[in-house]
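Observations on the three-dimensional arrangement
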Amino acid sequence: MQLNLNCNQSRPQFGMAFRRPSTSEMGVFTDTVIGNAKGYSAQILRKGLRQFDAEQSKLTKFDTRFNAKNKSMEIIDNATGNVVEKYDHFEYQTGLDMFGEIQYPGKKLLASIFNPKKLLPREFQLAGEQAKKLEAKAIQKEKLIKDLF
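Conventions adopted
- Residues numbered from 1 in each chain as written.
- Predicted model: local features only at pLDDT ≥ 70, side-chain atom pairs only at ≥ 80, totals over all residues.
- Heavy atoms only, no water.
- Core = buried A, V, L, I, M, F, W, Y, C linked by side-chain atoms within 4.5 Å.
- Buried < 20%, exposed > 50% of the residue type's maximum accessible area, 1.4 Å probe, protein only.
- Helix = DSSP H or I, 4+ residues; strand = E, 2+ residues; numbered from the N terminus.
- Contact = heavy atoms within 4.5 Å.
- Pairing = 2+ DSSP bridges.
- Patch = residues over 30% accessible without salt bridge, like charges linked within 9 Å, V, L, I, M, F, W, Y side chains within 5 Å.
- Areas by Shrake-Rupley, 256 points an atom, 1.4 Å probe, with all protein chains shown as cover.
- Salt bridge = Lys/Arg side-chain N within 4 Å of Asp/Glu carboxyl O.

1. Some points on the nonpolar core
- Of all hydrophobic cores here, the largest spans 24 residues; its most connected members are Phe-18, Phe-66, Met-73, Ile-75, Leu-119 and Phe-124.
- Per element, the largest residue contribution to this core is 5 residues, and it comes from helix H4 (residues 122-148).
- The contacts of Leu-119, once residues within four sequence positions are left out, are Tyr-40, Ile-44, Leu-45, Thr-94, Leu-96, Ala-111 and Ser-112.

2. Looking at the pairing of strand E3 (residues 72-77)
- Within E3, 6 of the 6 residues are buried, leaving the element largely enclosed by the surrounding structure.
- What you see with E3 is no split at all: Ser-72, Glu-74 and Ile-76 on one side and Met-73, Ile-75 and Asp-77 on the other are buried throughout.
- Taken together, the 6 bridges between strand E2 (residues 62-67) and E3 define a ladder with antiparallel strand orientation. The residue of E3 that forms the bridge with Thr-64 is Ile-75.
- In textbook terms, the turn of a hairpin is the stretch between consecutive antiparallel strands, and for E2 and E3 this stretch comprises 4 residues, one of which, Lys-71, has a positive phi near 50 degrees.
- Taken together, the 4 bridges between E3 and strand E4 (residues 83-87) define a ladder with antiparallel strand orientation. Opposite Ile-75, over in E4, you have Glu-85 as the bridge partner.

3. With respect to a nonpolar patch on the surface
- A grouping of Tyr-104, Leu-109, Leu-110, Ile-113 and Phe-114 is seen on the molecular surface, where their side chains present a nonpolar patch of about 550 Å² in accessible area.
- Note that Leu-110 resides in helix H3 (residues 107-114).
- The partly exposed category is assigned to Leu-110, whose relative accessible area is 39%.

Quick look at the structure:
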């Protein structure tokens, strides 16, 4: 486990969540989130980021991180510190624009009220869901090994 303490943040990070961008990367991060927002208010996007962070904070084996150099989201294995998967930036696409999802009137309104993380850029949605799947597989594998021995 690592402890990332940045004086610009209100609380220390313990490497088990969405790793917040550094101060130098914050401008690119903000531009990326707001650029894909398609007119949504900053308040709704903040709620979405809080929801995303809360979901990611439950993960202990994998972290997600925003890479400002190429505007991508990365999934990091906490055991090794290596990037496991990377999702590049989708210009002007949010989590609502996922392929195979049913499109219906009022979906954006319901997402802004009940699931605001869907209004974040699409790569956030993809990386967050994949990190949850990888976490579940790792826990299942650990449990299986524990049961065998």
